[in-house]
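Fold and geometry: a report
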Amino acid sequence: MRRYRAVLRKVSAGFTLLEVILVCVLLGILVLFSTRMFSNVIRGYVLARNSDAAVQKAQNAMQRMTLDFTYLKPNEATGTDHSLTYNMTLANTSQVTIQQSGNQITYSTDGGTYILTDGVLPGSLTFNYYAAYDAVGGSSISGSTQIVGFNYVMVGDDSSQGLSQNYTTRVVVNKVK
């Protein structure tokens, strides 16, 4: 009987090959799922960061154009559906042109060209000119224009991420005299 107990102790000590393989397979599956989960978390963080940056750029550009258009005098401006040129009464009455170039909205003055925002869907900047709030918009500015509307679509720095946000507003012109 003593001999039998000694043999049983030797046999029951350790793991079988099947148990070791099963544990390795389970650990592999666990690592696979945790890697995918970690990858999704990182991808979500990058998407949120890029989305936030695009929104901030778009809002800054809208704020700049809204401020300028408040002082805009329609009889001193020329505008089409994709660009607007006017005299800036805030600083040295220089001439300003706002238009889209590729994926950027540019702000050109006598001193040079500046980027208002980038990450814009090419060809999406449009201007509409209204004689009254409830009037149908036109594609060129005239002396009777009281409201300038503009619209553009932000896609961010990496358009493959599927970020697309439309920004549009109307501004009453010549509001400050």
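Let us look at the structure shown here. It should be emphasised that the depicted structure is a prediction, and the values quoted were computed from it without experimental measurement.

1. A closer look at the overall build of the chain
Scanning the chain for helices and strands turns up 2 helices and 8 strands. Secondary structure elements in the chain, listed N-terminal to C-terminal, are α-α-β-β-β-β-β-β-β-β. Within the chain, the proportion of its 177 residues that are buried is 29%. Here the contacts in the chain between residues at least 6 apart in sequence split such that 47% fall between residues at least 24 apart. Summed over all atoms, the accessible surface of the chain reaches about 11800 Å², with 57% contributed by carbon and sulfur.

2. A word on the packing of aromatic side chains
Using the criterion set out here, one finds 6 aromatic pairs in the structure. Centre to centre, the rings of tyrosine 152 and tyrosine 167 are 5.9 Å apart; their planes meet at 20 degrees, and the pair counts as stacked. With tyrosine 152 in strand β7 (residues 147–154) and tyrosine 167 in strand β8 (residues 165–172), this residue pair connects regions lying 15 residues apart in the sequence. Like tyrosine 152, the residue tyrosine 167 is buried in the burial classification. Through pairs of rings, three or more aromatic residues link up here, namely Phe69, Tyr86, Phe127, Phe150, Tyr152 and Tyr167. When the ring centre of tyrosine 130 is taken as origin, the NZ or CZ atom of arginine 170, which lies over that ring, is 3.9 Å away. The side chain of arginine 170 reaches across the aromatic face of tyrosine 133, ending 5.1 Å from its centre.

3. Some words on a nonpolar patch on the surface
Taken together, Leu17, Ile21, Leu22, Val25, Leu26, Ile29 and Phe33 make up a surface patch of nonpolar side chains, about 710 Å² in accessible area. Turning to its location among the elements, leucine 26 is positioned in helix α2 (residues 17–71).

4. Things to note about the nonpolar core
Formed by 29 residues in total, the largest nonpolar core has its most connected members in Phe69, Leu84, Tyr86, Ile98, Phe127 and Tyr152. Only α2, β2 (83–87), β3 (95–101), β4 (104–109), β6 (126–130), β7 and β8 provide two or more residues apiece to this core. Counting residues per element, this core draws most heavily on α2, at 6 residues. When neighbours within four sequence positions are excluded, tyrosine 86 is seen to be in contact with Asp68, Phe69, Leu72, Glu76, Ala77, Ser94, Gln95, Val96, Ile98 and Tyr107.

5. Quick notes on the sheet that holds strand β1 (residues 77–79)
Within a sheet, neighbouring strands are paired by backbone hydrogen bonds and run either parallel or antiparallel to one another. Within the open sheet, the 5 strands sit side by side as β1-β2-β3-β4-β5. Their pairing is antiparallel. Strands at the two margins of the open sheet, each flanked by one partner only, are β1 and β5 (112–118). Direction aside, neighbouring strands of the sheet carry axes that sit 15 degrees apart on average. Alignment of β4 against β5, held across 6 bridges, turns out to be antiparallel.

6. Considerations on α2
Think of an α-helix as 3.6 residues a turn; residues three or four steps apart then line up on the same face. Compared with the 81 Å implied by 1.5 Å per residue over 55 residues, the 82 Å span of α2 between its first and last C-alpha is a close match. Residues Asn50, Ala54, Ala58, Ala61, Met62, Met65, Asp68, Phe69 and Thr70 constitute the buried set of α2.

7. Quick notes on the pairing of β7
Among the 8 residues of β7, 7 are classified as buried, and the element is accordingly described as predominantly covered. Bridge count for β6 against β7 is 5 bridges, and the pairing is antiparallel. Residue tyrosine 129 lies in a different strand from β7, and its bridge partner there is valine 148. Alignment of β7 against β8, held across 8 bridges, turns out to be antiparallel. When the bridges of β8 are listed, isoleucine 147 appears paired with valine 172.

The rules behind each value
Residues numbered from 1 in each chain as written. Predicted model: local features only at pLDDT ≥ 70, side-chain atom pairs only at ≥ 80, totals over all residues. Heavy atoms only, no water. Helix = DSSP H or I, 4+ residues; strand = E, 2+ residues; numbered from the N terminus. Buried < 20%, exposed > 50% of the residue type's maximum accessible area, 1.4 Å probe, protein only. Contact = heavy atoms within 4.5 Å. Areas by Shrake-Rupley, 256 points an atom, 1.4 Å probe, with all protein chains shown as cover. Phe/Tyr/Trp six-rings, centres within 6.5 Å; stacked < 30°, edge-to-face > 60°. Lys NZ or Arg CZ within 6 Å of the ring centre and 35° of its normal. Patch = residues over 30% accessible without salt bridge, like charges linked within 9 Å, V, L, I, M, F, W, Y side chains within 5 Å. Salt bridge = Lys/Arg side-chain N within 4 Å of Asp/Glu carboxyl O. Core = buried A, V, L, I, M, F, W, Y, C linked by side-chain atoms within 4.5 Å. Pairing = 2+ DSSP bridges. Axes fitted to C-alpha atoms, helices over the stretch in contact; angles between N-to-C directions. Expected span 1.5 Å × (residues − 1).

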